[in-house]
There are 2 protein chains.
Amino acid sequence: MDCTYLTNYELYDIIAGGDKEELASLNLIELQGWVRTNRDNGSIGFIEFNDGTYFKNLQLVYFKENNGDLYEKIKAVRTGAAIKVIGKFVLTPENKQPFEIQVQEYELLGDVDEDYPLQKKRHSFEFLREIAHLRPRTNTFYAVYRVRSVLSMAIHEFFQSRGFVYVHTPIITGNDAEGAGQVFDVTTKGKDPNAFFGRPVNLTVSGQLHVEPFALAFRDVYTFGPTFRAENSNTPRHAAEFWMIEPEIAFADLNDDMQLIEDCIKFCIDYVQTACPEEMEFFNNFIDKDVKNRLNHVLNSEFRRMSYTEAIEILKKAVADGHKFDNSKIEWGMDLQSEHERYITEQVVNGPVFLIDYPKEIKAFYMRQNDDGKTVAACDLLVPGVGELVGGSQREERYDVLKAKMDEMGITESLQWYLDTRRYGGCKHAGFGIGFDRLLMYMTGVNNIRDSEPYPRTANNIKF
Amino acid sequence: MDCTYLTNYELYDIIAGGDKEELASLNLIELQGWVRTNRDNGSIGFIEFNDGTYFKNLQLVYFKENNGDLYEKIKAVRTGAAIKVIGKFVLTPENKQPFEIQVQEYELLGDVDEDYPLQKKRHSFEFLREIAHLRPRTNTFYAVYRVRSVLSMAIHEFFQSRGFVYVHTPIITGNDAEGAGQVFDVTTKGKDPNAFFGRPVNLTVSGQLHVEPFALAFRDVYTFGPTFRAENSNTPRHAAEFWMIEPEIAFADLNDDMQLIEDCIKFCIDYVQTACPEEMEFFNNFIDKDVKNRLNHVLNSEFRRMSYTEAIEILKKAVADGHKFDNSKIEWGMDLQSEHERYITEQVVNGPVFLIDYPKEIKAFYMRQNDDGKTVAACDLLVPGVGELVGGSQREERYDVLKAKMDEMGITESLQWYLDTRRYGGCKHAGFGIGFDRLLMYMTGVNNIRDSEPYPRTANNIKF
């Protein structure tokens, strides 16, 4: 029999293209994929079929009157089974589905045992986390992971199209970039911690210190890779392993940095909405009814800028006017909590806003000190719905200023190579970090980081 | 003064475009970048200038007769300094450089100390490894890291354009995919190994076992991320940390797998040669005089296929005919060494060749057993110049066969979730792994993995 082997994606693509000749040429189609559901009424049966190439299912139809034996065989196929069918392509403009495949031949490629956990009913996200190897077969996780892939590509396209060089900064390192201390150690079994590398090493918390020297060679660079925190905090926004994007730009200051952040976020929103319309529609209908609105609002906003000091004044006034925060003790020098950030971006600005010029005590050592002696040239991008989405800064390029800070922290010796970049043709430069998983949560409306990663790693959770 | 801020890349791009009006409009140009070399003859001086955006330098020219003070200042600028200049754009079709910038204003942005290690002379690669934070400023490493970035993008474009979904498989894992045992352990300081995750964990050696379940949801998927081996082998081809590409395709067998490998390698070669002509020219001139020939030969070859068994017969005959290998004891069941692989691909085939159907004892447990009961459906791609470049296989999809192998290895319990994918709608599937750093070495002619990674990690080497 002369038939064409096609995928879900290819079939929907042909339909969308609307080329009449191409459509007319479709007759017998071969498909290989999985049964999402199978139901029949005794004389006619329907399989919702998906081969993984596209969010939308295909409808397979089988008739008893055509072939009774085949009918009985197909009718017995369970949800989750891998099957191959050959069938006739039929346009059905009057139905919900634009077309259907009327099955003529059928083969069971891979059966499912009866304990298959993904039966046709709504499963809780908590339950699905226990079957991380199967959950990508559900609508929600299919959509999340496809958007994760597309958003990764958006990041690469954005930076590569602007001439940025992608740098694979190391995962195993002797440094602790943030000085945070909550790091995972790396050892070799049964040996002392110095055995392999000659000194204690740990998993990176940031690629920034390693990528900065590359900005002094290539001007514009970025990292995109996994980073780690051994933080035992059981929140929906913390994971032990997560991916970070860290661009670094030379001959650039905080304003250039903020412009790049704004361009990057808008590019990503536009890219994902264009590449994943079905998935975004699904998120908007079933995960977060505000997600499309929220993204489009950001896309069409000019990102505002406000100093940390001004934000503190606004928060103080809000408290004085009776607004209740969990922490209502507002004072200059404090680290803002999510509730404060969200008040600023949602109630005050009603849109994306950069807070800039933070007190130096609450920011990292490498951020450039402002002339006031009290603040650093840092920026946090706050967006409605989540609060902080991106953090960036201009870097301290002055050798003496940086060395004084590093001496204070006792890290000069181990990071001498980093400090040295300031006396070997250093220049004004800036950069930022985006937590990729959190960006994905923002884009999809998924509100637990455990549901944004393929196999999330959190305290006491590493079944897979 | 009305001037245009441009980069090396933009200037060369305008020249290459050859638009006469655009060229005529170039008058005063502002540039910010680094001094590669500076020389003068007392009345005229030349700076080789690069701002990191393009492989080729620009020539800055400064004249004593125009401004004696400025001349003295610029003349004193050292190699490596960051500078800003404003100058007049002048076409110089009679010179080696197609244009020059005649400096009118100058500012020192970042000076260099006198101990700057990158003086104008040839440095050994060994020496440059000691200054990994500075070596991207040399021609060789600038070219290597730019090609590394472009090759990464080639990988993403190849797979995304074919509808593959990019999956971030975990770095921290409880499994040891290859059963090799040479893994790095991950712990939290001063605590027992179970403290954070509730069980001992290690750094991944492969994302394959984690990505396979995603192929059963999306059909075509790939990973691209860091992997680790705690192998204390001091060779030019082994690093403790390296990046791997691991695609996995459902409803596909070993032939589909080999076709995908061939397409992927050819796509990468073509992509890099198109995107990095200057860098490839440089490699061909200064690193490996055969690299372009070798790549073009592969690009224009149909990849041959040969069984392991046939290869053994050929090697036996070669030894009988007097060919000397370091290991000349050729017998069926042996693991082929690089010398054997190179003999096959260079002397016998004279081109790329897949060896297929290896003895099951020397291959991984997840590879599909052939009907002969002795071999598995594995393929190694051998290419002239290096030997093995890619390894792949069809996966064992039969539950009972796979379980028997896993039982034998004692890994069934910890990998029950993996095994379960064979009884929940499993299907024929295949995949492969490319060591990204080795692919980069192959593309550039660089012959030590320490020179292909930004900050290589090998035994006793983690200065940065």
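Residues numbered from 1 in each chain as written. Chains lettered and ligands numbered in written order. Predicted model: local features only at pLDDT ≥ 70, side-chain atom pairs only at ≥ 80, totals over all residues. Heavy atoms only, no water.

Visitor: Looking at this structure, how should I read the sheet that holds strand β8 (residues 172–173) of chain B?
Guide: Pairing between the strands of a sheet is mediated by backbone hydrogen bonds and can be parallel or antiparallel. One open sheet accounts for six strands, arranged β8(A)-β10(A)-β9(A)-β9(B)-β10(B)-β8(B); its pairing is antiparallel. Of all the strands in the sheet, the pair left with one neighbour each is β8 (172–173) of chain A together with β8 of chain B. In this sheet, strand β10 (residues 201–203) of chain B lies alongside β8(B) in antiparallel orientation, the contact comprising two bridges. When the sheet's bridge partners are listed, Thr173(B) is paired in β10(B) with Asn202(B). (Pairing = 2+ DSSP bridges. Helix = DSSP H or I, 4+ residues; strand = E, 2+ residues; numbered from the N terminus.)

Visitor: How do you make sense of the relation of the copies chain B and chain A when you look at a structure like this?
Guide: Both copies of the chain are related by one operation, a rotation about an axis with a shift along it. For the pair chain B and chain A, the relating rotation is 180 degrees, the translation along its axis is 0.0 Å, and the fit reaches an RMSD of 0.0 Å. Both chain copies can therefore be described as sitting about a two-fold axis. For chain B, the residue whose C-alpha comes nearest the rotation axis is Val186(B), separated from it by 2.4 Å. (Least-squares fit on C-alpha atoms with pLDDT ≥ 70 in both.)

Visitor: Just to check I follow, could you spell out the interface of chain B and chain A for this structure?
Guide: Interface size, as often reported, equals the accessible area lost upon joining of the parts. Contacts between the two partners involve 99 residues from chain B and, on the opposite side, 99 residues from chain A. In terms of surface lost to chain A, no three residues of chain B exceed His168(B), Phe196(B) and Tyr424(B), which account for 10% of the buried area on that side. On inspection of chain B and its partner chain A, the count reaches six salt bridges. One salt bridge connects Asp115(A) with Arg423(B), and the closest N-O pair in it is separated by 2.9 Å. Seen at the junction of chain B and chain A, the total is 37 residue pairs in polar contact (both at pLDDT 80 or more). It is helix α5 (residues 139–161) of chain B that contributes the most residues to the side of chain B that touches chain A, eleven residues altogether. Both strand β9 (residues 184–188) of chain A and strand β9 (residues 184–188) of chain B contribute to a ladder of five bridges, which runs antiparallel. Residue pairing in the sheet places Val186(A) in a bridge with Val186(B) of β9(B). (Contact = heavy atoms within 4.5 Å. Buried area = accessible area lost by both parts, 1.4 Å probe. Salt bridge = Lys/Arg side-chain N within 4 Å of Asp/Glu carboxyl O. Polar contact = N/O pair within 3.5 Å; in protein donor to acceptor, adjacent residues only side chain to side chain.)

Visitor: For this particular structure, what's the right way to read the pairing of strand β17 (residues 429–435) of chain A?
Guide: Residue and element names in this part refer to chain A. Of all seven residues making up β17, seven are buried, and the element is well covered by its neighbours. As defined by bridge partners, strand β12 (residues 241–250) adjoins β17 across five bridges and the pair is classed as antiparallel. Looking across to β17, one finds that Met 244 is bridged to Gly 435. Both strand β16 (residues 387–394) and β17 contribute to a ladder of five bridges, which runs antiparallel. By the bridge assignment for β17, Gly 391 is matched with Gly 433. (Buried < 20%, exposed > 50% of the residue type's maximum accessible area, 1.4 Å probe, protein only.)

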